[in-house]
Amino acid sequence: MSLVLENISRVAGTEQILHGLNLTVESGTLLTLLGPIRAGKTSLMRLMAGLDTPSTGRILQDSADVTRVDVRKRSVSMVYQQFINYPNFTVYKNIASPLVVAGQHDKKQRDKLVRDMAERLGLTPYLQRLPAELSGGQQQRCALARAMLKDSRLLLLDEPLVNLDYKLREDLRAEMKALFRGGDRIVVYATTEPQEALMLGGRVCVMREGRVLQEGLALDVYRAPLDLETARLISDPPMNFFPGMIEASLLRLDGGAELPRPAEFSDLPAGRYTFGLHSAHLTLRPGSGLCALPVLIDLAEINGSETLLHGQYGALPVLLQAEGVHNAAIGSSAMFHFDPDRLYAFGASGSLARAPRFHVLQPGEARHGTHSAT
Amino acid sequence: MARIRLHDIAHSYIPNPVKPADFALQQLDLTWDDGGAYALLGPSGSGKSTLLNILSGLVRPSHGRLLFDDVDVTDTDTRSRNIAQVFQFPVIYDTMTVYENLAFPLRNRGVGASATRKRVDQVAAILDLTGDLKNRASGLTADTKQRISMGRGLVRTDVAAILFDEPLTVIDPALKWQLRRKLKQIHHELEVTLIYVTHDQTEALTFADRVVVMDRGAVLQQGTPQELFENPQHVFVGHFIGSPGMNLMPCKMDGSAAMIGTQRVALPPERIAGSRAGEMTLGIRPEFVSLFDPGDAALLHVSVEEVEPLGGHQLIHARLDETRISIKAEPEIGVAPGVRLAVWLPQAHIKLYSDGRLVV
């Protein structure tokens, strides 16, 4: 099935929620809708499902206009943020329910489908329990199992992991990726977290305030976001931005640093730019060819395996992501180092002027001496 | 402020408990220094709330004694323990101004007007509330309200400790780091004993000097963030701290090596000597598994099952005989499912566990 959205707008009351969206989703695609709250992700999903109708524009499924076709007549299943199951059915009956509704009366066949899906989602020990007797993660697995067994051509998931704690989220994310693989149904997954879009690895549609900023393969969008706003939204931790100048043979950051003009920027006209840099490309270790920024530390946020150092370079906030646990006192000074070849350049209008070149390495090959054999 | 001792504390909700399963909180003995920043970290059902309630006096422990500066407070009620608490959701009076809200705990205890003003001004300055002092508390944003709640917890100077119970739940994710910064600043400037309960590792590890990791009613390790990352004393700590957690692979000792399936991981003799016969678990964090051949070590052979690009790095999930291993690698390295890789496990980062506990 293909799904085409043509010039879709939606107005609710006096508020315009979606502004003239165009989007084509091919059969077998996993599409992530990525954006902050109020980007229009849920509104767009409700239109795709047929729960709402757009104010303008058309929705086509396999070239047939379904804009005003009711949700009950569409082939769609949905998983929500809240864990929604039939409270008085066991887990087994919950998972089996779409098969029963669809008229799958061969009990043996039905039993096999239910048990296989329960096994894939780690629910086998809980089949005879009621949803209320499960943890949040297990309840959401149950809802997911039911949605997977419904023979729908469109599966919509609206931030399904947002109410789970981080360990459950990690586990279920990995399982979902395997679950969605193969098949020709379209899976649309809404999230506020860039890491989820990247990890799921399909296409991403970056949204903000009811508009699509960019659509493409998730990694392509991450590596070459078309503008500052997209770069910010698809980077977690957020990308660092340094306003500055390109002059004859050098870059000058407004904070005072001067660095040689990267080879990739050789044909960019002189003038004002905003330079972007991923937090993982700043390091505490000096090295040859690296530039140094003096930074005042605001906070060391430790997530267990990485430390996110929040600091200020002049008046600019700057973020450095480092492996391992680093303690840095609030108000202390540090030097953040980076390779100028890692910089993005965005023009005065905010659109991408140049992305850094991405080199693919062989396993075991070092990137100019920055690895350490711990 | 006080030094807190949890002396052989355990708690059961049933009379005459015998076996471990009868206890909601397994026996523990912890000492927290005056002025320290501590976090209780664990998933739901880990017993951290029971422990918090024992500290505040809402639950009287069935076993053991609770001491504040060597004074036994086990049987004292919440009020006389002088504990301040900040909860998940803001607790403030909407009809009062921000100033009145902050002053309330002091006025209740008969603190004079000028001393009250001085302290409220100090706390308001730390929490960036100075400009809001004259405003009504109603109609403020969730994060401002929660800062007022924190201020009400901090304003008293005579408390033994301040307890925070998941205080950032209602805060916009983009603003959380700023409140984490505030909490750390508060700890430095006011030199108070802070105890912070959360299921979120970032919150616990960022805030606390020492973190108590709990699971199923038991304290598994108390340590600095670095100790929990580098030297987990229990497989649960290895799994729970870090994203993703530690690789935990079943292994058996054989002469000079740990065997994972048919593959050998050479270990120095003293570590072999200290290990146990039978099934053990070899732990190594994904960031320490190396794709670089140091030239003098036996390599393990794995086959890639899944690659997760995450922007700043990628996670490679691979099969090592009958077990799975995750490898954190630079994003530029080109690998795809089906590829065979040689990996090296640096000895310094290998941990060996028996029955879940660190052995060598």
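Novice: Just to check I follow, could you spell out unusual backbone geometry for this structure?
Specialist: Trans is the common state for peptide bonds, and a negative phi is the common state for residues other than glycine. Backbone torsion omega between Asp236 of chain A and Pro237 of chain A reads 0°, so that peptide bond is classified as cis. Here Pro237 of chain A lies in the loop between helix 8 (228–233) and strand 11 (240–246). Looking along the chain, the bond that leaves Ser243 of chain B and enters Pro244 of chain B is cis, with omega of -5°. If you trace the backbone, Pro244 of chain B turns up in the loop between helix 9 (235–240) and strand 11 (247–254). With a phi close to 50°, Asn16 of chain B is a non-glycine residue in the positive phi region. Of note, Asn16 of chain B is situated in the loop between strand 1 (4–11) and strand 2 (25–32). Relative accessible area serves as the criterion here: at 68%, Asn16 of chain B is assigned to the exposed category. Non-glycine residue Asp355 of chain B carries a positive phi angle of around 50°. Relative to the helices and strands, Asp355 of chain B resides in the loop between strand 19 (351–354) and strand 20 (357–358).

Novice: Is there a simple way to think about the domain arrangement of chain A in this case?
Specialist: Interface size is commonly expressed as the accessible surface area that is lost when the partners come together. Residues and elements named next belong to chain A. By domain assignment, chain A separates into domain 1 (2–227) and domain 2 (237–354). Computed over C-alpha atoms, the centres of domain 1 and domain 2 are 37 Å apart. Listed per partner, the contact involves six residues of domain 1 and six residues of domain 2. Carbon and sulfur atoms make up 60% of the surface buried where domain 1 meets domain 2, a total of about 470 Å² over both sides. The largest per-residue losses of area from domain 1 upon contact with domain 2 belong to Tyr222, Pro225 and Asp227, which jointly make up 64% of the total buried on that side. The interface formed by domain 1 and domain 2 includes zero salt bridges. Where domain 1 touches domain 2, the interface holds three residue pairs in polar contact (both at pLDDT 80 or more). Grouping the constituent residues of the side of domain 1 that touches domain 2 by class yields four nonpolar, no polar and two charged.

Novice: Just checking my understanding: could you explain the pattern of salt bridges for this structure?
Specialist: If the charged atoms of two oppositely charged side chains come close together, the side chains can form a pair. Scanning the entire structure with this criterion turns up 44 salt bridges over all chains. For Arg60 of chain B, the salt bridge is made with Asp75 of chain B, and the minimal N-O distance between the two is 2.5 Å. With Arg60 of chain B in the loop between helix 1 (48–56) and strand 4 (63–68) and Asp75 of chain B in the loop between strand 5 (71–72) and helix 2 (78–81), the pair connects residues that are 15 residues apart, well separated along the chain. Here Arg60 of chain B falls in the partly exposed class, since its relative accessible area comes to 44%. Among the residues examined, Asp75 of chain B registers a relative accessible area of 54% and is labelled exposed. The salt bridge partner of Lys328 of chain B is Glu287 of chain B, with a shortest N-O separation of 3.4 Å. With Lys328 of chain B in strand 17 (residues 323–329) and Glu287 of chain B in the loop between strand 14 (279–284) and strand 15 (300–309), this residue pair connects regions lying 41 residues apart in the sequence. Grouping residues by exposure puts Lys328 of chain B and Glu287 of chain B together as buried. Salt bridges linked by common partners bring Arg208, Glu209, Glu229 and Arg232 of chain A together as one network.

So, how was this worked out
Residues numbered from 1 in each chain as written. Chains lettered and ligands numbered in written order. Predicted model: local features only at pLDDT ≥ 70, side-chain atom pairs only at ≥ 80, totals over all residues. Heavy atoms only, no water. Helix = DSSP H or I, 4+ residues; strand = E, 2+ residues; numbered from the N terminus. Buried < 20%, exposed > 50% of the residue type's maximum accessible area, 1.4 Å probe, protein only. Domains from an automatic or database assignment. Contact = heavy atoms within 4.5 Å. Buried area = accessible area lost by both parts, 1.4 Å probe. Salt bridge = Lys/Arg side-chain N within 4 Å of Asp/Glu carboxyl O. Polar contact = N/O pair within 3.5 Å; in protein donor to acceptor, adjacent residues only side chain to side chain. Nonpolar A, V, L, I, M, F, W, Y, C, P; charged D, E, K, R; others polar.

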